Amino acid sequence: MSQTKLFEPFKLGSIALPNRLVMAPLTRNRAVPPGMVPSPLAVDYYGQRASAGLLITEASQVSQQGQGYQDTPGIYSKEQVEGWRKVTDRVHGKGGRIFIQIWHVGRISHTTLQPGGGKPVAPSAIRAKGKTFVGGTFTEISEPRALELSEIPDIIDDFKRGTENALAAGFDGIEIHGANGYLLDQFAKDGTNKRTDVYGGGIENRAKLMLEVSQAVAAIAGPERTGIRISPVTPANDVSDSNPQPLFDHIVDGLNALKLSYIHVIEGATGGPRDIAPFDYASLRKRFSGTYVANNGYDFDLATKVLEAGAADLIAFGKPFISNPDLVERLKKGAPLNEWDKATFYGGGAKGYTDYPTLAAAQAAE
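These numbers come from a predicted model, not from an experiment. (Residues numbered from 1 in each chain as written. Predicted model: local features only at pLDDT ≥ 70, side-chain atom pairs only at ≥ 80, totals over all residues. Heavy atoms only, no water.)

K.L.:
Honestly, the packing of helix α3 (residues 152–168) against helix α5 (residues 203–221) in this entry has me stumped. Any pointers?
P.N.:
To characterise two packed helices, one gives the angle between the axes of the helices and the distance between these axes. Running from N to C, α3 and α5 point in directions that differ by 30 degrees, and their axes come no closer than 9 Å. Seen along the crossing, α3 lies across α5 with a hand that is right-handed. Contacts between α3 and α5 involve Ile 152, Ile 156, Phe 159, Lys 160, Thr 163, Glu 164 and Leu 167 on the former and, on the latter, Leu 209, Glu 212, Val 213, Ala 216, Val 217, Ile 220 and Ala 221. Of the residues belonging to the contact of α3 with α5, the class tally is ten nonpolar, one polar and three charged. (Axes fitted to C-alpha atoms, helices over the stretch in contact; angles between N-to-C directions. Helix = DSSP H or I, 4+ residues; strand = E, 2+ residues; numbered from the N terminus. Left-handed = near helix turned anticlockwise from the far one by under 90°. Contact = heavy atoms within 4.5 Å. Nonpolar A, V, L, I, M, F, W, Y, C, P; charged D, E, K, R; others polar.)

K.L.:
Is there a simple way to explain the sheet that holds strand β10 (residues 173–177) in this structure?
P.N.:
The pairing of strands in a sheet comes from backbone hydrogen bonds and takes either a parallel or an antiparallel form. An order of β3-β4-β5-β10-β11-β12-β13-β14 is seen for the eight strands of this closed barrel, with the pairing classed as parallel. Between one strand axis and the next, the sheet turns through 25 degrees on average, direction left out of account. Sheet topology note: the strand β3 (residues 21–23)/strand β4 (residues 54–61) ladder contains two bridges and is parallel. Across the sheet, residue Met 23 finds its bridge partner in β4, namely Leu 55. Against the sheet, helix α1 (residues 40–48) engages β3, β4 and β5 (98–103), with an angle of about 150 degrees to β4. (Pairing = 2+ DSSP bridges.)

K.L.:
Even after reading the chapter, I still don't get the packing of aromatic side chains, so can you show me in this structure?
P.N.:
Any two aromatic rings considered together are summarised by their centre-to-centre distance and by the angle between their planes. Counted by the stated rule, this structure contains 13 aromatic pairs. A ring pair is formed by Tyr 69 and Tyr 182, whose centres lie 6.4 Å apart and whose planes are at 80 degrees; its orientation type is edge-to-face. Here Tyr 69, found in the loop between β4 and α2 (78–93), pairs with Tyr 182, found in the loop between β10 and α4 (183–188); they are 113 residues apart in sequence, far enough to count as distant. Per residue, the accessibility class of Tyr 69 equals that of Tyr 182, and both read buried. For the ring pair Trp 103 and Tyr 182, a centre distance of 4.8 Å and an interplane angle of 70 degrees mean the geometry is edge-to-face. With Trp 103 in strand β5 and Tyr 182 in the loop between β10 and α4, this residue pair connects regions lying 79 residues apart in the sequence. We note that Trp 103, like Tyr 182, is buried. Every member of this aromatic cluster is reached through a ring pair, and the members are Tyr 45, Tyr 46, Trp 84, Phe 171 and Tyr 353. Sitting above the plane of the Tyr 199 ring, Lys 208 keeps its charged end 5.4 Å from the centroid. (Phe/Tyr/Trp six-rings, centres within 6.5 Å; stacked < 30°, edge-to-face > 60°. Buried < 20%, exposed > 50% of the residue type's maximum accessible area, 1.4 Å probe, protein only. Lys NZ or Arg CZ within 6 Å of the ring centre and 35° of its normal.)

K.L.:
Whenever I open this one, the pairing of strand β14 (residues 314–317) confuses me. Can you help?
P.N.:
Side-chain positions along a regular strand alternate between the two faces of the sheet. Burial along β14 is two-sided: the face carrying Leu 314 and Ala 316 and the face carrying Ile 315 and Phe 317 are both buried. Pairing of β3 with β14 involves three bridges; the strand directions are parallel. From the neighbouring strand, Leu 21 faces β14, where its bridge partner is Ile 315. When strand β13 (residues 291–295) meets β14, the two strands line up parallel, connected through three bridges. Considered in β14, the bridge of Ala 294 is made with Ile 315.

Take a look at the structure:
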């Protein structure tokens, strides 16, 4: 089992990874309100998973406006920075490496989460079909308003501040959330962007905000410590584009010019079928000279096959890391994996968060 590329070391910019397994960002809704500070349980949760080649945190909003679900952590206040510092200290103490994923959800929000109970913001005032998680239940997404052109520099500034705070919190790098129908993805795709100004219309204009945010983050963190997550064809959060291939070829050309460390690509529908729509991911890999992180539905066999074929450099695992803090060791040994409990994915306490047993603990209990 261990004679596979999955367990080989890899150099991600200046960071030496001991293996090619990435823990994907996973929203768990356990930050402490009202300040949206990572909880003490988060320190244990990430620390338990420090054997991953790279940990990427749950998405953390760059402003209150950027929040879309209850109890997701932020990276815009002093208290949040202090909370995250405890996480990075624990992970580094266990020899791990950790990036924070930063996001603005755009229209995928609810008025009860917004400053002053206002409308969520979006490229265009188009309400998303779907639900968000607020008040302990799934609730219809609120109607958004279109961002004024004069407000867009403030969005970029929020990402800059989030980056500065993340570095102050001790993170090894930053992943920008440009995927899954959140704000940057909403601007990029023509199903959600009907603007007629410099951020709307053709591919270059729609891609502009994602590339401007990437440039701003990389200028602070350094391009070698900046990655981005994209999802060319996912229908997540009611997002769509009429012609995603040229759009994402253009976006990746722009990211390559910025010399970002990696692109983290959701292949297919987020958490769903990999073949939901035709798309040439190899085109993105060819265009990008940095690291290609593949994501969506990967298990040991598919990860091994894709790495051996040179179609990716790193493989991101999501749900298996929720239920297997020692996923790397289990895959190395060909050991059975713990099954995850979907009922405890979002919200709650230690149950289904920090109480999944390691292989050693499970064997000792037998």
